[in-house]
Amino acid sequence: MKLDTTNNIWDAVYVGPAACTSLAIFEGAIYAAFGASQAYAYSTDGSTWTVSTLTGTGKNANFFEWTSDSNELWKGLTANTVAVSASSINGGTWTDYTVGESSRNISNIFALGDGIVVGRADGLWVYDRVNNTYKSVTPEYDRATDTDNFARGTAYSGWLYVNTRRGLIRYNGTTTE
C-alpha cells in the first residue's frame, strides 16, 4: 500500500500471491511475508516489488522481525525453523535454526535486545549461545499448548510482553513473570 496524499487514501501497489502474514523494514527495504509455501517480496520504494528468487524454502517466510542491536533480519519459516540473514535480497543467504520439535508450530517471532524470541504453541523459546540451540523459557506450556499462545506481543523498556491462553506474561532475557 502507498499513501495517495492528494486524495488521502491508500492505493494498492502490490498484490501478493496470498494474504500478507508479516512486514518488516530492513536495510532500506520493506519485506512482506506470505506464508511458509510462498516467496516473500521486498521493495525499496514502496511501489516496485521484487519477489524473492532464492532457491528452495529460502525464498519463503511466515514472519519477519528485525533486530536493531545486531542489525539482522529474521524469519519464521516452518513449524520449527527460524532463519537469519544479513543480506536477504536475491543473492543473499539465510542461516536456519531449529526451534523445538516439529509437532508444534511457531506462533510469531519477536526482537528482544540483539536476538530473537520465538513464540510457539508450546512456549517461549530463546537462543542459548553457549549450547548453540534454542531452549524454552516457559516449559510449563508444553502441557498447556494452544495455537494462540505467544502469537501477539511487543517489546517495551527491555521487556517482551506476550499473550498466552491463560493471560499475559513478560520476559526480559533472564526473567519470566
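Residues numbered from 1 in each chain as written. Predicted model: local features only at pLDDT ≥ 70, side-chain atom pairs only at ≥ 80, totals over all residues. Heavy atoms only, no water.

K.L.:
Please set out the side chain of R120 residue by residue, giving values where relevant.
P.N.:
Note that R120 resides in strand 14 (residues 115-120). Given the relative accessible area of 0%, R120 is considered buried. Within the structure, the side chain of R120 is placed 3.4 Å from the backbone oxygen of A79, a separation counted as a polar contact. Here R104 takes part through its backbone oxygen, which lies 3.0 Å from a polar atom of the side chain of R120. Those residues in contact with R120, other than ones at most four positions away along the chain, are A79, N80, V99, G100, E101, R104, N105, I106, S107, W125, N149 and F150. (Helix = DSSP H or I, 4+ residues; strand = E, 2+ residues; numbered from the N terminus. Buried < 20%, exposed > 50% of the residue type's maximum accessible area, 1.4 Å probe, protein only. Polar contact = N/O pair within 3.5 Å; in protein donor to acceptor, adjacent residues only side chain to side chain. Contact = heavy atoms within 4.5 Å.)

K.L.:
So what about the sheet that holds strand 3 (residues 22-26)? Which residues, and what values?
P.N.:
Across the sheet, four strands lie side by side as 3-4-6-7; this open sheet has antiparallel pairing. Of all strands in the sheet, those with a lone pairing partner are strand 3 and strand 7 (50-51), marking the two edges. (Pairing = 2+ DSSP bridges.)

K.L.:
Explain the sheet that holds strand 12 (residues 93-98) to me, using residue names and the numbers behind them.
P.N.:
If you trace the four strands from one edge of the open sheet to the other, you get 9-10-11-12, paired in antiparallel fashion. Whereas interior strands pair on both sides, the edge strands pair on one side only; in this sheet they are strand 9 (63-67) and strand 12. Sheet twist, expressed as the average angle between the axes of neighbouring strands with direction ignored, equals 25°. (Axes fitted to C-alpha atoms, helices over the stretch in contact; angles between N-to-C directions.)

K.L.:
Explain the environment of Y134 to me, and be specific about the residues and the numbers.
P.N.:
Assignment of secondary structure puts Y134 in strand 16 (residues 133-136). A relative accessible area of 5% means that Y134 is categorised as buried. Sequence separation between Y134 and W74 is 60 residues; the distance between their C-alpha atoms is 14 Å. Ignoring anything within four residues of it in the chain, the contact list for Y134 reads W74, V82, Y97, T98, V99, I116, V118, W125, V126, Y127 and D128.

K.L.:
Outline the packing of aromatic side chains, supporting the account with residue identities and numerical values.
P.N.:
Scanning the model with the defined rule gives eleven aromatic pairs in all. Centroid distance Y40 to F64: 5.3 Å. Interplanar angle 90°. Geometry classified as edge-to-face. In this pair, Y40 sits in the loop between strand 5 (35-39) and strand 6 (41-43) while F64 sits in strand 9, placing the two residues 24 residues apart along the sequence. Each of the two residues, Y40 as well as F64, counts as buried. (Phe/Tyr/Trp six-rings, centres within 6.5 Å; stacked < 30°, edge-to-face > 60°.)

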